[in-house]
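Here are the chains, one letter per residue:
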Amino acid sequence: MIPIMLDPAQVRIAVIGKGELAARRLSQLIEGGALHLTVFSTDPVAELTGLAGDRLIRRLPETEELGLFSVVWIVDVHPATAERLARAARAAGALVNVEDVKDLCDFHSPSIVRRGDLLLTVSTAGRSPGLAARIRRHLERTFGPEWGGRLDRLAGQRDDWRAEGKALPEVARLTEGFIDREGWLP
C-alpha cells in the first residue's frame, strides 16, 4: 500500500449504498471537505437520506454514469451487485473501494481521527479493520479536540516565520522548539 492524501474537494466522488456504513462513509467525506458528491441508493436509511440531501439519487448508477467519478465507494450493497458495479467503475477509470471486500478494492480507507485540519490515520491494508479501529480509539483519547486549535496556532506561527524569510530547515527547527515549549508532545 502507498498512502496518498486525496483532496476530496478536487475530485468527483460517488457513494453507492444504503445502510449505516454508507452513512458513516458519507459523513467522513463531508467532514473531509468533499464538494462533488453523489449518493446512489435504492433504499437509504434515514441517516443516509438526511446526510445526502439533494445529492441522493434513489437508484443504482447506470454503467455510463460511473465514468463521471474519480472515486467510488460501494457500501452495504449485495455482493454480486457490488462486484458488477466495481468492475464497471474501474473500467471507466475510477478508483474503487468495496467496503470489506479486499479483492475489489483499489484503495483502502484508513481509520481516521480528525482534529480540524490535523488528520491522523491508521491502516492495516484491509487485513484487520478491528485493529485499526482500536488504534483509532486510542488516538482519539491521546489527541483530543484541542489539537485542532493547536494546529491552527502552529500554522499561524509557521506563516509568520515564512513571511520573515526563514528557510525551511530553520522553520522546522523553530517548529520543534515551539512544540517543546508548549509541552504538546513528550
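Shown above is the structure to which this text applies.
How each quantity is defined
Residues numbered from 1 in each chain as written. Predicted model: local features only at pLDDT ≥ 70, side-chain atom pairs only at ≥ 80, totals over all residues. Heavy atoms only, no water. Salt bridge = Lys/Arg side-chain N within 4 Å of Asp/Glu carboxyl O. Buried < 20%, exposed > 50% of the residue type's maximum accessible area, 1.4 Å probe, protein only. Helix = DSSP H or I, 4+ residues; strand = E, 2+ residues; numbered from the N terminus. 1 Å grid on protein atoms, 1.4 Å probe; cavity = no way out; pocket = protein on both sides within 12 Å on 5 of 7 lines; lining within 4 Å. Points joined across faces, edges and corners; volume = space filled by probe spheres on them. Expected span 1.5 Å × (residues − 1). Contact = heavy atoms within 4.5 Å. Core = buried A, V, L, I, M, F, W, Y, C linked by side-chain atoms within 4.5 Å. Phe/Tyr/Trp six-rings, centres within 6.5 Å; stacked < 30°, edge-to-face > 60°. Pairing = 2+ DSSP bridges. Right-handed = clockwise from strand over helix to strand, strands pointing away.

### Quick word on the pattern of salt bridges
- For the coordinates displayed, the defined rule picks out seven salt bridges.
- For Glu65, the salt bridge identified is with Arg59, shortest N-O distance 2.8 Å.
- Take Arg59: its relative accessible area is 32%, and that puts it in the partly exposed class.
- With a shortest N-O distance of 2.6 Å, Arg87 and Glu83 are connected by a salt bridge. Placement of both Arg87 and Glu83 in helix α3 (residues 79-91) is noted, with a separation of four residues, approximately one turn of the helix.
- Here Arg87 falls in the partly exposed class, since its relative accessible area comes to 47%.
- Residue class for Glu83 comes out partly exposed when judged on its relative accessible area of 32%.

### Some details on the layout of surface pockets
- Quantified by volume, the largest pocket comes out at close to 920 Å³.
- Around the largest pocket, the lining comprises 28 residues; the ones closest to its centre are Ile4, Met5, Leu6, His108 and Pro110.
- Among the elements of the structure, α1 (20-31), β4 (71-74), β6 (111-115) and β7 (118-122) are those that each provide at least two residues to the lining of the largest pocket.
- Its volume calculated, the second largest pocket comes out at about 750 Å³.
- Along its surface, the second largest pocket is lined by 31 residues, and Arg25, Glu99, Ser109, Pro110 and Ser111 are the ones closest to its centre.

### With respect to helix α4 (residues 129-142)
- Taking 1.5 Å of rise per residue, the 14 residues of α4 would be expected to cover 20 Å, and the 20 Å separating its terminal C-alpha atoms lies within 8% of that figure.
- As for α4, its buried residues are in contact with β6 and β7.

### Points about the nonpolar core
- One finds Ile13, Val15, Leu29, Leu37, Val39 and Trp73 to be the most contacted residues of the largest nonpolar core, which totals 17 residues.
- Top element by residues in this core is α1. It accounts for four residues.
- Here Leu29 is in contact with Ile13, Val15, Ala34, Leu37 and Trp73, once residues within four sequence places are set aside.
- The next biggest cluster of nonpolar side chains, apart from the first, holds 16 residues, and it includes Ile16, Leu66, Ala82 and Ala86.

### Some points on the packing of aromatic side chains
- This structure, assessed with the given rule, holds six aromatic pairs.
- Between Trp73 and Phe107, the ring centres sit 5.1 Å apart and the planes meet at 85°, which makes this aromatic pair edge-to-face. Placement of Trp73 in strand β4 and of Phe107 in the loop between β5 (95-98) and β6 is noted, with a sequence separation of 34 residues between them.
- Here the aromatic residues Phe143, Trp147, Trp161, Phe178 and Trp184 are joined through ring pairs into a cluster of three or more.

### A word on the pairing of strand β1 (residues 12-16)
- Counting buried positions along β1 gives four out of five residues, so the element sits mostly inside the fold.
- Across five bridges, the pairing between β1 and strand β2 (residues 36-40) is parallel. Following the sheet pairing, Ala14 is matched in β2 by Thr38.
- Running through α1, the crossover from β1 to the neighbouring parallel element β2 is right-handed.
- In this sheet, β4 lies alongside β1 in parallel orientation, the contact comprising four bridges. From the neighbouring strand, Ala14 faces β4, where its bridge partner is Val72.

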